[in-house]
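# Observations on the three-dimensional arrangement
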Number of protein chains: 2
Amino acid sequence: MSLKTYSVLMDTNAVAVAVRGDLDDPDCPTRQVIDRIGDKWSVLVILHLARGELRFTELRESVRGVTPKVLTRTLRALERDGLVSRRVYAEVPPRVEYALTDLGRSLIGPLDVLRAWAEENITAIARSRERYDVA
Amino acid sequence: MSLKTYSVLMDTNAVAVAVRGDLDDPDCPTRQVIDRIGDKWSVLVILHLARGELRFTELRESVRGVTPKVLTRTLRALERDGLVSRRVYAEVPPRVEYALTDLGRSLIGPLDVLRAWAEENITAIARSRERYDVA
DNA sequence: CCGTATCCCCTTAGATACTG
DNA sequence: CAGTATCTAAGGGGATACGG
């Protein structure tokens, strides 16, 4: 098991300086990535595949609520970006295994940072929403 | 200047175990957060405000391409979630200052982790897309 | 200056049915 | 089993104009 550490400068100006400049470019990497994984199912699929290979139907059942059409589109997009691999076995009935690539696995860490932040702060957000909505 | 470190277990199983369980809940924190900052402008606004307070028109000009209606909606949503504060000064002409709250500032780190991943891997993604599209 | 009000488009996604 | 086809609905986002 490997432990990876993300070190982030929290100084506001430092972050700002690091971040500025290309942000207004529509092709800036951050915007592209947010655009891609910001949809409804991509992150969910990635985190489910973090457990290991899954077949189409297994994914459809474990990622609850997704329809086959949308799941297919999500998987194709992830495959196109090189985050997910798709292996078809010439059998009857057909078998298709989906798995994270190395690139896909490298996203788990950053997503987990976001997940940790979300879990730590979701109650604060919820309380803020209540306060806002009554007013 | 403070330095904050994010330590993430990269072992696939460990991450998976940590992540599973509530993911299928539509109200799971991670899904809620992705839903909120996954739109087109929120992350951009947050990172611009990381530099410091900005007025409405300043934001509109620095976040290029956003229309006033959409910017307003984005800011209202961020304010509702407690990530951004809105201060109105009773002056003529009116002055409204937007700034990150403590909660909002605490998001900069995680977003910066994502930004770093994006910049490190965007070329790999682009190459993957080309390979996929010719085939 | 700081927004609202309209109108329109387009994408995303859900429901349902069907096929190699 | 692993998808595709078709239809529809919802809303996010853009353009433009106007108001306190």
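Residues numbered from 1 in each chain as written. Chains lettered and ligands numbered in written order. Predicted model: local features only at pLDDT ≥ 70, side-chain atom pairs only at ≥ 80, totals over all residues. Heavy atoms only, no water.

In the annotation of an unreviewed UniProt entry, chain A is listed under the name Helix-turn-helix domain-containing protein and assigned to Actinoallomurus vinaceus.

Another aspect to go through is the UniProt feature "domain: HTH hxlR-type" (unreviewed entry) in chain A. Taken from the UniProt record, the annotation "domain: HTH hxlR-type" (unreviewed entry) applies to residues 28–126 of chain A. For residues 28–126 of chain A, helix accounts for 63% and strand for 14%, while the C-alpha atoms at its two ends are 31 Å apart. (UniProt positions renumbered as here; feature names shortened; annotations may be inferred. Helix = DSSP H or I, 4+ residues; strand = E, 2+ residues; numbered from the N terminus.)

All right, on to the protein's contact with DNA strand C then. Contacts to DNA strand C come from 20 residues, most closely from A:Lys40, A:Lys69, B:Thr57, B:Arg86 and B:Tyr98. For DNA strand C, the backbone portion of the atoms within 4 Å of the protein, that is sugar and phosphate, comes to 68%. Within the side chain of A:Lys40, an N or O atom sits 2.5 Å from a phosphate oxygen of DNA strand C. Counting residues per element, the ones that place at least two in the surface near DNA strand C are helix H5 (68–80) of chain A together with helix H4 (56–62), helix H5 (68–80) and strand S4 (95–100) of chain B. When residues of the surface near DNA strand C are assigned to their parent elements, the largest contribution, four residues, is made by H5(B). Here the residues of the surface near DNA strand C sort into nine nonpolar, two polar and nine charged. (Near = heavy atom within 4 Å. Polar contact = N/O pair within 3.5 Å; in protein donor to acceptor, adjacent residues only side chain to side chain. Nonpolar A, V, L, I, M, F, W, Y, C, P; charged D, E, K, R; others polar.)

Further remarks concern the protein's contact with DNA strand D. By nearness alone, 21 residues border DNA strand D, and A:Thr57, A:Arg86, A:Tyr98, B:Lys40 and B:Lys69 come closest of all. Here, DNA strand D places atoms within 4 Å of the protein, and 67% of those atoms are sugar or phosphate. A distance of 2.9 Å is found between a phosphate oxygen of DNA strand D and a side-chain nitrogen or oxygen belonging to A:Arg55. With respect to DNA strand D, the side chain of A:Tyr98 contributes an N or O atom lying 2.7 Å from a phosphate oxygen. Looking at the surface near DNA strand D, the elements that each hand over two or more residues are helix H4 (56–62), H5 and strand S4 (95–100) of chain A together with H5 of chain B. Of the residues forming the surface near DNA strand D, the biggest block, four residues, is contributed by H5(A).

Here we come to the sheet that holds strand S2 (residues 54–55) of chain A. Residue and element names in this part refer to chain A. Pairing is antiparallel in the open sheet, where three strands are placed in the order S2-S4-S3. Of all strands in the sheet, those bounded by a partner on one side alone are S2 and strand S3 (84–89). Of the pairings in the sheet, the one linking S2 to S4 comprises two bridges and is antiparallel in character. From the neighbouring strand, arginine 55 faces S4, where its bridge partner is glutamate 97. Relative to the sheet, helix H3 (residues 42–49) contacts S2, S3 and S4, its axis offset from that of S4 by approximately 95°. (Pairing = 2+ DSSP bridges. Contact = heavy atoms within 4.5 Å. Axes fitted to C-alpha atoms, helices over the stretch in contact; angles between N-to-C directions.)

Another aspect to go through is the sheet that holds strand S3 (residues 84–89) of chain B. Residue and element names in this part refer to chain B. Across the sheet, which stays open at both edges, the three strands sit in the order S2-S4-S3 with antiparallel pairing between neighbours. Taken across any chain shown, the strands that pair with only one partner, and hence form the sheet edges, are strand S2 (54–55) and S3. Set on the sheet, helix H3 (residues 42–49) makes contact with S2, S3 and S4; between it and S4 the angle comes to about 95°. Contacting S3 and S4, H5 runs over the sheet at an angle of about 110° to S3.

Below, the discussion takes up the pattern of salt bridges. Applying the stated criterion to the full structure yields 19 salt bridges over all chains. Put simply, A:Arg80 and B:Asp133 hold a salt bridge, and the shortest N to O gap is 2.5 Å. Of the two residues, A:Arg80 sits in helix H5 while B:Asp133 sits in helix H6 (residues 102–134), which places them in two different chains. The exposure class assigned to A:Arg80 is partly exposed, which follows from its relative accessible area of 27%. Taking the shortest distance from any N to any O, the salt bridge between B:Glu97 and B:Arg95 comes out at 3.2 Å. For B:Glu97, a relative accessible area of 10% gives the class buried. (Salt bridge = Lys/Arg side-chain N within 4 Å of Asp/Glu carboxyl O. Buried < 20%, exposed > 50% of the residue type's maximum accessible area, 1.4 Å probe, protein only.)

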